[in-house]
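Observations on the three-dimensional arrangement
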Amino acid sequence: MSLTLSFLGAAGTVTGSKYLVENGSDRIFIDCGLFQGYKALRLRNWAQLAVDPRSIKAVVLTYAHLDHSGYLPLLAKNGFRGPIFCSEATLELCGILLPDSGHLQEKDAEYANRHGFSKHKPALPLYTEDDAQRVLKQFEPIHFDEPRGLPGGGIIVLRRMGHILGAASVDLAWEGRRLVFSGDMGRYGDDLMVDPVAVDGADYLVVESTYGDRLHERSDPGEALADVVVRTIHRGGTVLIPAFAVGRAQSVLFHLERLKSAGRLPALLPIFLDSPMAIDASEIFCRNPLDHRLSPQQCHAFASGVRYVRDSEDSKTLTASQMAKVIISASGMATGGRILHHLKHYGPDSRNTILFTGYQAGGTRGAAIVAGAQSVKIHGAYVPIRAEVRNLEMLSAHADRGEILRWLKGFERPPKMTFVTHGEPAASDALRHRVEEELHWAATVPDHGEKVELT
Ligand SMILES: [Zn+2]
């Protein structure tokens, strides 16, 4: 039998992660994410998949964010009936993320129809909240570091990758070959998350390259955060932080609490986590102690120093309030969710700050704002951006180039081929170059849709 690997996403982009491994008629997916950002990418979510979803035997997820999991409800809607393997925390997070994604898509379609700004009549959601609830029944959580057999004969092992709760690399042994997928890599020495676990080898390696061309600033993220917050509240402004309720939100909360107890920030400065899933998310964090470095006390302490805003009416009240404050709200790249209402309100006022804490994929509102856009389109209208804009990438959950290379150096022998994916073209190519020059490994940046024979 011949084993093949096809790149159906995350090639030339950081989104849409979807790798197809085929052994004759046995097919599995590693990740099954949504494309986000540029319209040309988003349209791929609507295009017919290269293979019949009914022919997929299983899906393995590296982690929960939508660019890795968000296509699953559609895959199942179109006939996929197999198991979805992932870590326990990934299942818990998908349990709130996927229904929320379906809900937002229904809302967006409804909004577009009501205000008539969609070119499609009527505008339809890609999938619904019900579709998302249904696919959750196909999830089978597995333990880290324990081999698990797949339908079709492959065996997988998940290893911790830091990044966010539940994030894993996938080690797949099939037909005498060993394939390793890095998933999204976390940082070494992060204040919250554990270090990426080393892998000793692979015949074929698929590695992410979000920051393949960059090194993060080494300055203290807490200090950088304090500067921005103090400056903004002295102007009487609000600090608006786009971030998903699980992931960087906890890291930002952790730093803010630490700054408050050190007297660097006013003890009474209100901090809001505005997300319908905020409470669930913090509970999931406290329930998965092996995925992060915090003690149960620390975990509950930072989770209690924040005011949770669940209800959408309360969220609107918060938008209207004049007091100086910090608001954390999803989504992290301002592609949807409650952050949009806050951006409409706070973006035009120069007293406020919009503070990003991680990678902004090309074509997203986040990328446009960070690049200095004078205005962004929200719900069909242009909103001027006069607020101060900062991106503290040292708060990013993604490994930088040095950290990716450090993980690769854990390999005891070079893979036959290293496929560099999950990056904008310049970042992927820069990492490919480093892998060839520094490690003397064979490396390539695959094209979207490319299929390779794994000999
Ligand atoms: Zn990703």
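Located above this text is the structure these notes cover.
Right, let's walk through the structure included here. What you are looking at is a predicted structure, and each value in this text was computed from that prediction instead of being measured.

1. Some words on the pattern of salt bridges
Tallied over the entire structure, the rule returns 29 salt bridges. Note that Arg148 is salt-bridged to Glu140, the shortest N-O span being 2.8 Å. Salt-bridge contacts for Arg178 lead to Asp200; the nearest nitrogen and oxygen are separated by 3.0 Å. A residue pair is termed long-range when its members are at least 10 positions apart, and Arg178 in strand 10 (residues 177-181) and Asp200 in the loop between strand 10 and strand 11 (204-208) qualify at 22 residues. Under the relative-accessibility criterion, Asp200 is labelled partly exposed at 38%.

2. What about the state of the cysteines?
Simply put, the disulfide is a covalent bond whose two ends are the sulfur atoms of two cysteines. Evaluation of the coordinates by the stated rule reveals zero disulfides. We note that Cys86 lacks a disulfide partner, and the nearest cysteine sulfur, in Cys94, lies 5.9 Å from it.

3. Some details on the sheet that holds strand 6 (residues 139-141)
Pairing in this open sheet of seven strands is mixed, and the strands run 6-5-4-3-2-1-22 from one edge to the other. Unpaired on one side and paired on the other, strand 6 and strand 22 (451-454) mark the two borders of the sheet. Averaged over all pairs of adjacent strands, the angle between strand axes in this sheet comes to 25 degrees, irrespective of strand direction. Bridge count between strand 5 (residues 84-86) and strand 6: three bridges; the pairing is parallel. In the strand pairing of strand 6, Ile84 is matched with Phe139.

4. Describing the environment of Ala40
Take Ala40: it is sitting in helix 1 (residues 39-42). Residue Ala40 is classed as exposed on the basis of its relative accessible area of 61%.

5. Overview of the coordination of the zinc ion
Taken together, Asp67 (OD), His68 (NE2), Asp184 (OD) and His422 (NE2) make up the protein donors of the zinc ion, found 2.1 to 2.4 Å from the metal. When the donors of the zinc ion are listed by position in the chain, the intervening gaps give D-H-x115-D-x237-H. Of this pair, Asp67 sits in helix 2 (residues 66-69) while Asp184 sits in the loop between strand 10 and strand 11, and the two are 117 residues apart along the sequence. When its relative accessible area of 2% is taken as the criterion, Asp184 is described as buried.

6. As for the sheet that holds strand 8 (residues 155-160)
Spatially, the seven strands line up as an open sheet ordered 7-8-9-10-11-20-21, and their pairing is mixed. Each edge of the sheet is formed by a strand with only one pairing partner; in this case those strands are strand 7 (148-149) and strand 21 (443-444). Pairing between strand 10 and strand 11: three bridges, direction parallel. When the bridges of strand 11 are listed, Leu179 appears paired with Tyr204. Contacting strand 9 (168-174), strand 10 and strand 11, helix 13 (residues 401-408) runs over the sheet at an angle of about 160 degrees to strand 11.

7. Concerning the packing of aromatic side chains
As enumerated under the stated definition, the model contains seven aromatic pairs in all. Measuring from ring centre to ring centre gives 5.9 Å for Phe7 and Tyr19, while their planes differ by 85 degrees; the resulting arrangement is edge-to-face. Residue Phe7 is found in strand 1 (residues 3-7), and its partner Tyr19 is found in strand 2 (residues 19-23); the two are separated by twelve residues along the sequence. A single burial state applies to Phe7 and to Tyr19, both of which are buried. Aromatic side chains Trp407 and Phe411 sit 5.5 Å apart centroid to centroid with 75 degrees between the ring planes, which places their arrangement in the edge-to-face category. A relative accessible area of 1% places Trp407 in the buried class. In this structure an aromatic cluster arises from ring pairing among Phe7, Tyr19, Phe181, Tyr204 and Phe419. Over the ring of Tyr71 we find Lys18; its NZ or CZ atom is 4.7 Å from the centre of that ring. In this arrangement the basic side chain of Arg44 is found over the ring face of Phe35, its NZ or CZ atom lying 5.1 Å from the centre.

What counts as what
Along every chain, residues carry numbers that run from 1 in the direction the sequence is written. Only residues with pLDDT of at least 70 get local features here, since the model is predicted, and only at 80 or more are side-chain atom pairs given and counted; chain-wide, interface and lining totals rely on the full set of residues. Just so you know, side-chain values use all the structure's heavy atoms and leave hydrogens and water out. Any carboxyl oxygen of Asp or Glu within 4 Å of a side-chain nitrogen of Lys or Arg constitutes a salt bridge here. Numbering goes from the N terminus for both helices and strands, where a helix is a DSSP run of H or I of at least four residues and a strand is a run of E of at least two. Using a 1.4 Å probe on the protein chains alone, a residue whose accessible area is under 20% of its type maximum counts as buried, one over 50% counts as exposed, and one in between counts as partly exposed. By definition, disulfides here are pairs of cysteine sulfur atoms that lie within 2.5 Å. The rule for pairing is simple: two strands pair if DSSP sees at least two bridges between them. In this analysis an axis means a line fitted to C-alpha atoms, helices contributing only their contacting stretch, and an angle means the value between N-to-C directions, from 0 to 180 degrees. Any N, O or S atom lying within 2.8 Å of the metal counts as a donor, with the limit raised to 3.2 Å for Na, K and Ca; because water is left out of the atom set, some sites can appear incomplete. We call two residues contacting when some pair of their heavy atoms lies within 4.5 Å. Classification of ring pairs uses Phe, Tyr and Trp, with its six-membered ring standing for Trp, and accepts pairs whose centres are within 6.5 Å; under 30 degrees between planes counts as stacked, over 60 as edge-to-face, and the remaining range as tilted. Criterion for a charge above a ring: Lys NZ or Arg CZ within 6 Å of the ring centre, and within 35 degrees of the ring normal.

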